[in-house]
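Coordinate inspection notes
Okay, here's what each chain looks like letter by letter:
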Amino acid sequence: MALASGMRLSARALLRPWVAVMKFKNPPVNSLSLELLTEFVISLEKLENDKTFRGVILSSDCPGVFSAGLDLTEMCGRNPAHYAEYWKAVQELWLRLYLSNLVLIAAISGACPAGGCLISLTCDYRVLADNPKCLIGLNETLLGIIAPFWFRDTLVNTIGHRAAERALQLGLLFPPAEALQVGMVDQVVPEDQVQSTALSVMAQWMAIPDHARQLTKNMMRKPTVDRLLKQRDADIQNFVSFISRDSIQKSLQMYLEKLKQKKG
Ligand code: CO8
């Protein structure tokens, strides 16, 4: 049964009851364009409202990449109104994912930097493929930009303050064994077992009564969400003024150029 089949996201129900799989489908690297973010929020809302579903596995339809993170072309050479609209969409997705009533499991079979990593960190459990190309982390400083406080909070909540401090300052992208050791992911498995592992982990989470699990999740995560809700507009203004700076625009342009040159 197809739940949604947009261009940039596919969501389908599994034969197994209550579980859907959502796959990013924005080639070549599943960058989080405004369109993808919008579609993602709508699909998630549909799943939340459809009481048939209790869990979602997030994965990718693009080989080698889970998601390259925020779409740099949405943050370069645009006007302030666009930056504000884009940032609001990024916030909205994070808010919905982080407090989702559904069990979210990330099945990661490819590179998972920055915004891609953030999405995985909103999940309840992360399974990573044992492949050296599967680097995961918040690498913002490498681009000359700064992970906002709610990216930081999400990481601190996952790996603790000291490890997050080091990872954020150095913009570390962890290979699988290190990602597991630091607690960035919960399990590393051979690439061909990522989906099946995600499914069997899901079965474990499904065994818990929903109301008890949901209230516990809410208790653990709500203070972090409230921090952003309290200053959501200010956070948008901060982003717009930061990203509009000439020096930041220059850094991002150079980074994009470097990505393109890598090919040639
Ligand atoms: N946005 C837009 N385009 C991208 C992005 C991106 N994030 N990443 C890659 N691309 C483009 C490349 O420029 C290239 O374009 P073209 O085909 O025109 O040359 C195309 O996608 C393919 O890229 P690669 O050849 O690099 O693909 P590979 O499969 O070799 O590598 C990787 C895939 C590993 C994902 C690699 O592309 C990569 O490292 N990408 C950059 C990842 C990254 O650093 N993302 C950070 C984004 S910023 C973010 O998410 C949080 C920002 C928080 C904001 C804070 C502000 C205050």
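- As recorded in an unreviewed UniProt entry, the protein chain goes by Enoyl-CoA delta isomerase 1, mitochondrial isoform X2 and comes from Equus przewalskii.
- Its UniProt record, at the heading Sequence similarities (unreviewed entry), says of the protein chain: "Belongs to the enoyl-CoA hydratase/isomerase family."

Description of the pattern of salt bridges
- Under the criterion given, the structure shown has 12 salt bridges.
- The partner of Glu74 in a salt bridge is Arg78, with the nearest N and O atoms 3.7 Å apart.
- Judged by relative accessible area, Glu74 falls into the buried class, the value being 8%.
- Residues Asp124 and Lys217 are paired through a salt bridge, measuring 2.9 Å at the closest nitrogen-oxygen approach. Remark: Lys217 occurs in helix α8 (residues 210-230) and Asp124 occurs in the loop between α3 (114-122) and β7 (125-129); sequence separation between them is 93 residues. Summarising the burial analysis for this pair, Asp124 and Lys217 share the class buried.
- Three or more residues are tied together by salt bridges with common partners; here these are Arg54, Asp210 and Arg213.

Structural notes on the pairing of β7
- Most of β7 is tucked away: five of the five residues are buried.
- A two-sided burial pattern is seen for β7, the buried positions comprising Tyr125, Val127 and Ala129 on one face and Arg126 and Leu128 on the other.
- Across four bridges, strand β5 (residues 103-108) lies against β7 in parallel orientation. Bridged to Ala106 within β7 is Arg126.
- Taken together, the three bridges between β7 and strand β9 (residues 187-189) define a ladder with parallel strand orientation. For Ala129, the partnering residue across the bridge sits in β9 and is Val189.

The rules behind the values
- Residues numbered from 1 in each chain as written.
- Predicted model: local features only at pLDDT ≥ 70, side-chain atom pairs only at ≥ 80, totals over all residues.
- Heavy atoms only, no water.
- UniProt positions renumbered as here; feature names shortened; annotations may be inferred.
- Salt bridge = Lys/Arg side-chain N within 4 Å of Asp/Glu carboxyl O.
- Buried < 20%, exposed > 50% of the residue type's maximum accessible area, 1.4 Å probe, protein only.
- Helix = DSSP H or I, 4+ residues; strand = E, 2+ residues; numbered from the N terminus.
- Pairing = 2+ DSSP bridges.

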